[in-house]
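Here is how the chains run, residue by residue.
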Amino acid sequence: MCREGGCGVCIVHAAVPTGNGKFQERSINSCLCPILSCDGWEITTVEGLGDQKNPHPIQKQLTEHSGSQCGYCTPGMVMTMYSTIRKEGKSLTATQAESALDGNICRCTGYRPILDAFKEFTNESASPACDIEDVSKRICSKTGKQCNGVCDDNGSNYFRPLVEVARAAARPWYRPTSLADLYKLLESSTLKNPYYVCGHTGIGVYDDGPYDGFISLRGIREMFVTDKKDGVITIGSGVSLTDMIDFFKSEAQTDPGFAHLEHFARLISKTAHPAVRNAGSWGGNLAMRNRHKEFPSDTFIALVMCDASVFVGPDEKSYTPEEFVNLDLKNKIVTKLTLKQFDKSHVFRTFKIMPRSANSHAYVNAGFRAKLLNEGNQLVIVDRPVLAYGNIAEEFIRASNTEEFLIGKNLADNDTFQRALTTLAQEIQPAEDKSEASPAYKRALAVNLFYKFGLQALDLHSLVDLKYKSAITSFDEERPVSKGTQSYPTVEKNWPVTKPIPKLESVVQCTGEARYISDIEQEGLLHAAFALCLHGPGKIVSIDTSRAMAVPGVVRVLTAKDIPGVNSFSGCLPSEKDEELLASDECLYFEQPVAVIVAVSKTIAEEAAKLVKVECKDVRPAVVSCKEAVVREAFYESPEDLVVGDVDKAFQKAKNKVMGEFEIGTQAHFHMETQVCVVIPTEDGLNAEAGTQWIDHTQDCMAKVTGLNKNAINVSVKRNGGGFGAKITRNNIISAACALAAYVTRRPVKMHTSLWDNMKVIGKRLANYVKYEVGFDENGKLEGIKINFYANNGIAANDSPFGEIKKWIDSGYKCPSWKLSMKCCKTNIPANTWCRAPGSTEAIYTIEHIMEHVAHYLQKPPIEVKQLNYYNDGDKVLDGSKLHKPTLKEITKQLLDSSEYDKRVQAAREFNTTNRWKKRGLTIVPMRYGVAWNGFNYSCLIAIFRNGGYVAVVHGGIEIGQGVNTKVAQCVAAELGIDMKYIMIQSTQAIITANNMTTGGSVTSELACMAAIQCAKKLMEVINPIKKKQQDGAEWGAIVEACYDAGVDLTARYWHVPASPDTIQYSTYGATVTEVEIDVLTGEHQINRVDVLYDCGESLSPIIDIGQVEGAIIMGLGYYTSEEVIYDEGTGQNLTPSTWKYKPPLARDIPLEWNVKLLHDAPNPLGVLRSKVSAEPPLDMSCSVVFAIRDAISASHAEWATRRLGLIWFVQ
């Protein structure tokens, strides 16, 4: 998906020959591996393990643990664990299982069920899933028996030939088998920019192409040597990081002179993730540092720390790492390194501070070494120490001034230590990088890392006060294996409804048999890609497509003038304004699409797109933030103010008032299957498979762009690889362009965006700037609230959640007077759009921020102030709807008890008192979420087939991982009174589900179920009279056959139009307790524990709903802690459009302890079969992590700040 080795979707298992008749088995990223590298390898993909009839034990466990939602990441998860088990065997630990997933992103599940499934194969499992030997076996998809590696069938495999133009453009591939052969090649070759292929993983960071040739180094055995002789270790430059780590760990344990290599191994174990380390070599990593001085290479820092010698051929001259980075490597190759021993008087330490637990480049990485002499209470630094840093500035490697100062100094002397820190702070001058952390943070971090090293050195000689020892350890060194519990109700008498079962699609997703739109390939299929305008906002003077059209394999280049219909991808709703598909007269944001390239391959289309040249004039600075828009008064038409009560009078009466402001940022959806569409022309229109959440809307835009009538376009969707709101209206950009290309060329066309284009072109969650004022009495009882919301809509305001925000802004709190003002800000970024829990996320964060501020002002526990203001049964909420039996009070009480909240608050205080540099914070966030049905219309068609009675269902929802198909099948089975084995959910199709609403708002699953229930009822009305005539106990198939014989129509359709008397049909409730621990010196945090209690009514499918709760919580934790979209303040360019810069949470970012419970005995009389929604509301409670972190920071400030400073901190 990412083509950077950063997401894990593409991971496969490779058995690579080692040259001695043996194979080395490892996971690799197939997206980074050139096919020609694989000569002689054995590659196993997920399809090679098992199928839905005979799943592999890993696939079976993942299915049974419900570890798959949208399923797009699942094959990569399976193959990662398969390779890990093949490598570790019966010695596999739970810690290793968790770490193995450092390179696999799952946006849906929250990782917990995946980890639980994989831990079943560890040596710590109480009940192992199977004999570990069985895991290494592969099942033949033809026979269902163990694969013996030879296929006996006489058929021939079909390989699609390489496109002729692609074959003609291929660059030469060289395979020298010795260093001598390599040097001859370099001497005779005319290659100006060859790529030296070992692991080929560097391409995921830097693409320095075009390359005029490739030289494979894998056949040069001299480059893969690991050896120790006469106290010197030699490592060939082709040795992978994984092999280097394993070798160093072994040496560190067995040879005291190389004990320091444990620190070397620890640092490079944080480089990327296992699959990259399995393929990538240390030599390639170091060469990348030579070519890109800004690259924060962990290997380089470790080599500097260890005083390594790097050898470069052909003259085999040795260099220090510092000398090497400035060496001209033209026609030179790194061949090996050597490492020497150090005695036990030397102290080593490495650090890497990252945005998340793994697979990230460093904010700052560092390696320290010092030789110490203990003279009583003096700890003297002998010789020159090493203070090596990465990611400070291109030319900065070592803190030379500080190193010089420390020679001969007593580290145990506080004044000396402080002077060293001051010297270091003056010496560290980080370069400005708009896409990176601030220079001020990096400087402080660099100084604090040395402080940690100094304390470690002192502690080795028992010279550190107990209170300060918390600075020495790092979270990653102490992190235990995560654990958790899940609790949910089920009502057996109502089964299959409420029965806890995996998703219907789980098995095929785990075996890789699930088909996604991005998988579609066929003969003659063309591929499309956008050409983007590389200017900030300005007038378009010209669009030169000539160079793109000249590229062999390009069929057409389409611009706005080639559109036969309307140049707009917007739908036809009265409230929608047209958004241009292709910029015509004006470019509104950096990298806005200006043309569609149609070519015979995806690669050719994307490369040709880079050749389109756009000339603009009157280019102006971009407006990228709400604050800038406010200054410029750049607003769209905005909703009217919402006023309840007399807020001015309330403020006059209030004894206490506080005010404040804050910004809450944007978030990329990061759905694992990027935007995609395939369109096939027919004799009378277009057939499309579109990755959309709203078929009707996609039909509209396709018809608008092509000029066709809507009935000439049929759109279908089997499943999407995630959505999270990005595919409600924004898929139209891709689908409209694809329809245009297919219509004009009269050829099938596929448009599957790269992650880069997906991040650049597609809008995201709306960022908000919020100003507030609140009045309250001496107890914290709310009397009046004023809020000014400013939302960053981007270049269009079609997808603004402001119209719905009144359902959520009050959450569970009653206040008699409100004034809510909302402004839609006009900025020069892609039009932002719905993102999981849109509007409610920002609303509930805002009211929680206000409640925490009130409590902070009164110096009261926040939960005390919150409970004081809870709504009661029968109260009217802000939008005028009446509450029916709210469960928030009961939920709060239960959660406070079950989480041992009071006891843990006290424990956190005690911890904070005894630890200066680690602090804990604890908070609880309650929530009320208003659920609206009106406007969400869905249909359902059920067909029952004779000869067996099997049932096909088509409903109006789109399966995006939320389990709508499973819930519909459960409801239909219950209503028809049959086993679920009879039921199959078919693709959603426009011709069957015409005019249906989008899949979104959390309500689609329950309302699709409602339509299915009513549809099944219609069928039973005609089936029951026939059924009564049958003998008791008649089988379903016989009943259906009798109905057919009687001429009964066994097909029914139902159109469900909700008609709630209030805006809100019902409210759902929840509460979350979050405990965090922060490292005061680095800013890192660890989520120690999360307890969630959520009211799902009488859950239709509790395993699915638990999964929705967990997935939402982790997406929210990522939003608040690790995910950051940064736009250039001058051009408006997205500086974080890739996995290199954008960081969703990984498996080791989840809470160490995570307890999730669905409220028991809480049927919802206003819901579908007494249920409530689950997909989005839990995300709103994830803001608890913010307030827990603030609580921890406040504990740190309390040691040296006044109460007033504490207040200033809170309100920023």
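What comes next is a walk through the structure. None of these values were measured; they are calculated from a predicted model.

The rules we used
Residues numbered from 1 in each chain as written. Predicted model: local features only at pLDDT ≥ 70, side-chain atom pairs only at ≥ 80, totals over all residues. Heavy atoms only, no water. Salt bridge = Lys/Arg side-chain N within 4 Å of Asp/Glu carboxyl O. Helix = DSSP H or I, 4+ residues; strand = E, 2+ residues; numbered from the N terminus. Buried < 20%, exposed > 50% of the residue type's maximum accessible area, 1.4 Å probe, protein only. Polar contact = N/O pair within 3.5 Å; in protein donor to acceptor, adjacent residues only side chain to side chain. Pairing = 2+ DSSP bridges. Axes fitted to C-alpha atoms, helices over the stretch in contact; angles between N-to-C directions. Core = buried A, V, L, I, M, F, W, Y, C linked by side-chain atoms within 4.5 Å. Contact = heavy atoms within 4.5 Å. Disulfide = S-S within 2.5 Å. Expected span 1.5 Å × (residues − 1). Parallel < 35°, antiparallel > 145°, perpendicular 65-115°, else oblique. Nonpolar A, V, L, I, M, F, W, Y, C, P; charged D, E, K, R; others polar.

### Brief notes about the pattern of salt bridges
Alright, step 1. The full count for this structure, using the stated rule, is 67 salt bridges.
Alright, step 2. Two residues, Asp578 and Lys704, come together in a salt bridge whose shortest N-O distance is 3.1 Å. Taken as a pair, Asp578 in the loop between strand E18 (554-558) and strand E19 (586-587) and Lys704 in helix H23 (residues 695-706) lie far apart in primary sequence, 126 residues in all.
Alright, step 3. You can call Asp578 exposed: its relative accessible area is 52%.
Alright, step 4. Since its relative accessible area comes to 16%, Lys704 is described here as buried.

### Structural notes on the environment of Lys781
Alright, step 1. Take Lys781: it is sitting in the loop between strand E28 (768-776) and strand E29 (782-794).
Alright, step 2. The partly exposed category is assigned to Lys781, whose relative accessible area is 37%.
Alright, step 3. For Lys781 and Tyr870, which are 89 residues apart along the polypeptide, the C-alpha to C-alpha distance reads 9.9 Å.
Alright, step 4. In terms of polar contacts, Lys781 uses its side chain to reach the backbone carbonyl oxygen of Leu868, at 3.2 Å.

### Details of the sheet that holds E19
Alright, step 1. Spatially, three strands are ordered E19-E17-E21 in an open sheet, and the strand pairing comes out antiparallel. The sheet is open, and its two borders are formed by E19 and strand E21 (613-617), each paired with just one other strand.
Alright, step 2. Across five bridges, the pairing between strand E17 (residues 538-544) and E21 is antiparallel. From the neighbouring strand, Lys539 faces E21, where its bridge partner is Lys617.

### Comments concerning the sheet that holds strand E32 (residues 938-944)
Alright, step 1. If you walk across this open sheet you meet the four strands as E34-E33-E32-E36, and the pairing is mixed. Single-partner strands in this sheet number two, and they are strand E34 (983-985) and strand E36 (1051-1056). Along the sheet, successive strands turn relative to each other by an average axial angle of 20°, direction set aside.
Alright, step 2. Bridge analysis of E32 against strand E33 (residues 951-955) gives five bridges, and the strand direction is antiparallel. What sits directly across from Ala943, in E33, is Ala952.

### So, the nonpolar core
Most often, soluble globular proteins keep nonpolar side chains buried together rather than apart.
Alright, step 1. If you look at the biggest cluster of nonpolar residues, it comprises 190 residues, and the most contacted ones within it are Tyr111, Ile787 and Ile942.
Alright, step 2. Sort the elements by how many residues they give to this core and helix H31 (residues 1004-1028) lands first, with 13 residues.
Alright, step 3. Excluding anything up to four places from it in sequence, Ile787 contacts Val770, Lys771, Tyr772, Ile809, Trp818, Lys819, Leu820, Ser821, Thr846 and Ile850.
Alright, step 4. Counting 42 residues, the second-largest nonpolar core is a separate cluster that includes Val598, Ala688, Ala690 and Leu740.

### Quick notes on the state of the cysteines
Alright, step 1. Applying the stated criterion across every chain, the model contains zero disulfides.
Alright, step 2. Take Cys824: it sits in no disulfide, and the sulfur closest to it among the cysteines is that of Cys825, at 7.7 Å.

### Concerning H23
Alright, step 1. The end-to-end C-alpha distance of H23, which contains twelve residues, comes to 17 Å, matching closely the 16 Å that a straight helix rising 1.5 Å per residue would cover.
Alright, step 2. The buried count for H23 comes to twelve of twelve residues, which makes it a mostly enclosed element.
Alright, step 3. Turning to H23, its buried residues number three or more, namely Ile695, Asp696, His697, Thr698, Gln699, Asp700, Cys701, Met702, Ala703, Lys704, Val705 and Thr706.
Alright, step 4. Note on H23: the residue one or two positions beyond its end, Gly707, has a positive phi of about 85°.

### Notes on the packing of H31 against helix H32 (residues 1036-1045)
Alright, step 1. Closest axis-to-axis distance for the H31/H32 pair is 9 Å, and the angle between their directions is 105°. Considered as vectors, H31 and H32 are oriented roughly perpendicular to each other. On H32, the residues that touch Ile1023, Ile1026 and Lys1027 of H31 are Trp1036, Ile1039, Ala1042 and Cys1043.
Alright, step 2. Classifying every residue of the contact of H31 with H32 gives six nonpolar, no polar and one charged.

### Points about unusual backbone geometry
Alright, step 1. Here the bond from Gly209 into Pro210 is cis, since omega is 5°, no more than 30 degrees from zero.
Alright, step 2. Mapped onto the elements, Pro210 comes out in the loop between strand E5 (194-197) and strand E6 (213-216).
Alright, step 3. Cis rather than trans, the peptide bond between Trp495 and Pro496 has omega equal to 10°.
Alright, step 4. Mapping Pro496 onto the fold places it in the loop between strand E15 (483-487) and helix H18 (506-510).
Alright, step 5. A positive phi angle is found at Asn331, which is not glycine, with a value near 60°.

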